[in-house]
Amino acid sequence: MLKYTAKRLLQSLITILIAVTVTFLLMRMLPTDYYFTEDQLMKFTPEQKEAALEAAGLLDPIGEQLIRFYGQLLHLDFGTSRRIQSGIAVTRVIGSKMGVSLRLGVISIGISLVAGLLLGIAQASFKDKVIDWIGTVYTVIVNAVPSLVIYSLVLVFGSKYLGFPSLYSSRNVGMSSVLPIVSLSLASIASYALWMRRYMVDEMTRDYIKLAKVKGLSYSQIMFRHVLRNALVPMVQFIPQALLLTISGSLLVEQFYSVPGMGPLLTDAIKRYDTSVVQTLVMFYAALSIVGIFLGDLLMMIADPRITISGKGGSR
């Protein structure tokens, strides 16, 4: 266990470093004019531009820039914002947005987890019945229809017929958060329901279920004592990854509903060539992704001690 944890942590750090390095190199490949604001481009002479780039270290060999960047990371120095909030530390810029994104994300994860598992359990319990067909149609629609179309339908129905605000407002956080949370939850609910139903239906065909029927156990006893319990084991692995699905969805949802979170911040930072903000956000998202996968493995092992996550031949 300890050896596996140490190995995965090392792999995680290397993966994050690679992701940040690639981002750093891509940002440095952009034309140097992106470093300046429009006013600076109009006012600065070529000599002044060169002096500014030299002062920022952007004219140094790329290897030196990269080594300097690694040194800053070791000291947890993520730099300052040049465009989003000029002169302000990146950690403060991101911190002011993180609370909004995390609040919406955590609520949507809780809703999608409960609703998705319950829907999957209901579909498996009443297989080929009305509720199973409804759940299947819902899953197919959510997965087949483009996300923007789904969000548009949620926006129109929620604002026009239910009276919820169409855009996020800091003055009315509760009501204006409903539609973004619903939009974030829809895909995760469908995913949980699909996999929960699949695992439960698969468990119902096992030999031990047939033996339980022969012993005279009731349908509810078989479903909740055996089928549901064993089906939840592989589902545990997907719980941390729900965070990743929510985060990736939030990049679009937050812009769609004008939520002042980290989603719009990333796209704005890319457009405005705020390299420090872009690099830090990429590192943050990469770290969340890796931690989610890592926690999924650990939770699965805890849920079923019979599962080994390391061993000969690379078995988990």
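What you are looking at is a predicted structure, and each value in this text was computed from that prediction instead of being measured. (Residues numbered from 1 in each chain as written. Predicted model: local features only at pLDDT ≥ 70, side-chain atom pairs only at ≥ 80, totals over all residues. Heavy atoms only, no water.)

1. Some thoughts on the packing of helix 5 (residues 90-125) against helix 6 (residues 130-144)
Part 1 of the reasoning: Where helix 5 contacts helix 6, the axes come no closer than 8 Å and their chain directions differ by 135°. The angle between helix 5 and helix 6 falls in the class oblique. Handedness of the helix 5/helix 6 crossing: left-handed. When helix 5 is examined against helix 6, the residues L119, A122 and Q123 are found in contact with a partner set consisting of I131, D132, G135, T136 and Y138. (Axes fitted to C-alpha atoms, helices over the stretch in contact; angles between N-to-C directions. Helix = DSSP H or I, 4+ residues; strand = E, 2+ residues; numbered from the N terminus. Parallel < 35°, antiparallel > 145°, perpendicular 65-115°, else oblique. Left-handed = near helix turned anticlockwise from the far one by under 90°. Contact = heavy atoms within 4.5 Å.)

2. Points about helix 6
Part 1 of the reasoning: With 15 residues, helix 6 ought to run about 21 Å at 1.5 Å a step, and its terminal C-alpha atoms sit 21 Å apart, in line with that.
Part 2 of the reasoning: Along helix 6, the residues classified as buried are D132, G135, T139 and V142. Take helix 6 and look down its axis: the buried residues cluster within an arc of 100°, on one side only. Structural note: helix 6 exposes V130, W133, I134 and A144 on the side pointing more than 90 degrees away from its buried face. (Expected span 1.5 Å × (residues − 1). Buried < 20%, exposed > 50% of the residue type's maximum accessible area, 1.4 Å probe, protein only. Arc of directions from axis to C-beta.)

3. Topic: the nonpolar core
Part 1 of the reasoning: Counting residues in hydrophobic clusters, the biggest one holds 17 residues, and the most contacted among them are I84, I94, L265, V277 and L281.
Part 2 of the reasoning: Those elements that provide at least two residues to this core are helix 5, helix 13 (262-271) and helix 14 (275-303).
Part 3 of the reasoning: Of all hydrophobic cores here, the second largest spans 16 residues; its members include I121, Y199, V201 and A212. (Core = buried A, V, L, I, M, F, W, Y, C linked by side-chain atoms within 4.5 Å.)

4. Comments concerning the layout of surface pockets
Part 1 of the reasoning: Here the largest pocket is characterised by a volume of approximately 580 Å³.
Part 2 of the reasoning: Lining the largest pocket we find 30 residues, and of these R28, A56, R82, T275 and S276 sit closest to its centre.
Part 3 of the reasoning: Listed by contribution, the elements that provide at least two residues to the lining of the largest pocket are helix 1 (2-28), helix 4 (62-74) and helix 14.
Part 4 of the reasoning: Taken together, the residues of the lining of the largest pocket sort by class into twelve nonpolar, 13 polar and five charged.
Part 5 of the reasoning: As a volume, the second largest pocket reaches approximately 260 Å³.
Part 6 of the reasoning: What lines the second largest pocket is L13, I16, L17, V20, Y70, L73, L74, L76, F78 and M283.
Part 7 of the reasoning: Of all elements in the fold, only helix 1 and helix 4 reach the threshold of two or more residues within the lining of the second largest pocket.
Part 8 of the reasoning: Per element, the largest residue contribution to the lining of the second largest pocket is four residues, and it comes from helix 1. (1 Å grid on protein atoms, 1.4 Å probe; cavity = no way out; pocket = protein on both sides within 12 Å on 5 of 7 lines; lining within 4 Å. Points joined across faces, edges and corners; volume = space filled by probe spheres on them. Nonpolar A, V, L, I, M, F, W, Y, C, P; charged D, E, K, R; others polar.)

5. Some details on the pattern of salt bridges
Part 1 of the reasoning: One pass over the full model with this rule turns up six salt bridges.
Part 2 of the reasoning: The partner of R68 in a salt bridge is D60, with the nearest N and O atoms 3.3 Å apart.
Part 3 of the reasoning: The exposure class of R68 is partly exposed, given its relative accessible area of 35%.
Part 4 of the reasoning: Look at D60 and you get partly exposed, because its relative accessible area is 27%.
Part 5 of the reasoning: A salt bridge links D132 to R197, with the nearest nitrogen and oxygen atoms 2.8 Å apart. One end of the pair, D132, is in helix 6; the other, R197, is in helix 9 (residues 178-203), with 65 residues separating them in the sequence.
Part 6 of the reasoning: Take D132: its relative accessible area is 3%, and that puts it in the buried class.
Part 7 of the reasoning: Using a relative accessible area of 21% as the deciding quantity, one classes R197 as partly exposed.
Part 8 of the reasoning: Each of D202, E203 and R206 takes part in a single network of salt bridges with overlapping partners. (Salt bridge = Lys/Arg side-chain N within 4 Å of Asp/Glu carboxyl O.)

6. A look at the packing of aromatic side chains
Part 1 of the reasoning: One pass over the full model with this rule turns up seven aromatic pairs.
Part 2 of the reasoning: With centroids separated by 4.8 Å and ring planes inclined at 20°, the aromatic side chains of F24 and F69 adopt a geometry described as stacked. Here F69 lies in helix 4 and F24 lies in helix 1, a separation of 45 residues in the sequence. Taken individually, F24 and F69 each receive the classification buried, so the pair is uniform in this respect.
Part 3 of the reasoning: Seen in terms of ring centroids, F69 and Y70 are 6.2 Å apart; in terms of plane orientation they differ by 40°. Their pairing is tilted.
Part 4 of the reasoning: Connected via pairs of aromatic rings, a cluster forms that spans F24, F69 and Y70.
Part 5 of the reasoning: Its end group placed over the ring of W195, R198 keeps NZ or CZ at 4.7 Å from the ring centre. (Phe/Tyr/Trp six-rings, centres within 6.5 Å; stacked < 30°, edge-to-face > 60°. Lys NZ or Arg CZ within 6 Å of the ring centre and 35° of its normal.)

7. Quick notes on the confidence of the model for the protein
Part 1 of the reasoning: Considering every residue of the protein, the mean pLDDT works out to 82; 92% of them sit at 70 or more.
Part 2 of the reasoning: Across the protein, helix 6 holds the top mean pLDDT of 92, while helix 12 (residues 239-256) sits lowest at 72.
Part 3 of the reasoning: Within the model, the stretch residues 312-316 combines pLDDT values under 50 with eight contacts to residues more than four positions away or in other chains. (pLDDT = per-residue confidence, 0-100.)

8. Remarks on a nonpolar patch on the surface
Part 1 of the reasoning: A cluster of nonpolar side chains, L10, I14, I18, V22, L26 and M29, forms an exposed patch at the surface whose accessible area comes to about 610 Å².
Part 2 of the reasoning: Mapping L10 onto the fold places it in helix 1. (Patch = residues over 30% accessible without salt bridge, like charges linked within 9 Å, V, L, I, M, F, W, Y side chains within 5 Å. Areas by Shrake-Rupley, 256 points an atom, 1.4 Å probe, with all protein chains shown as cover.)

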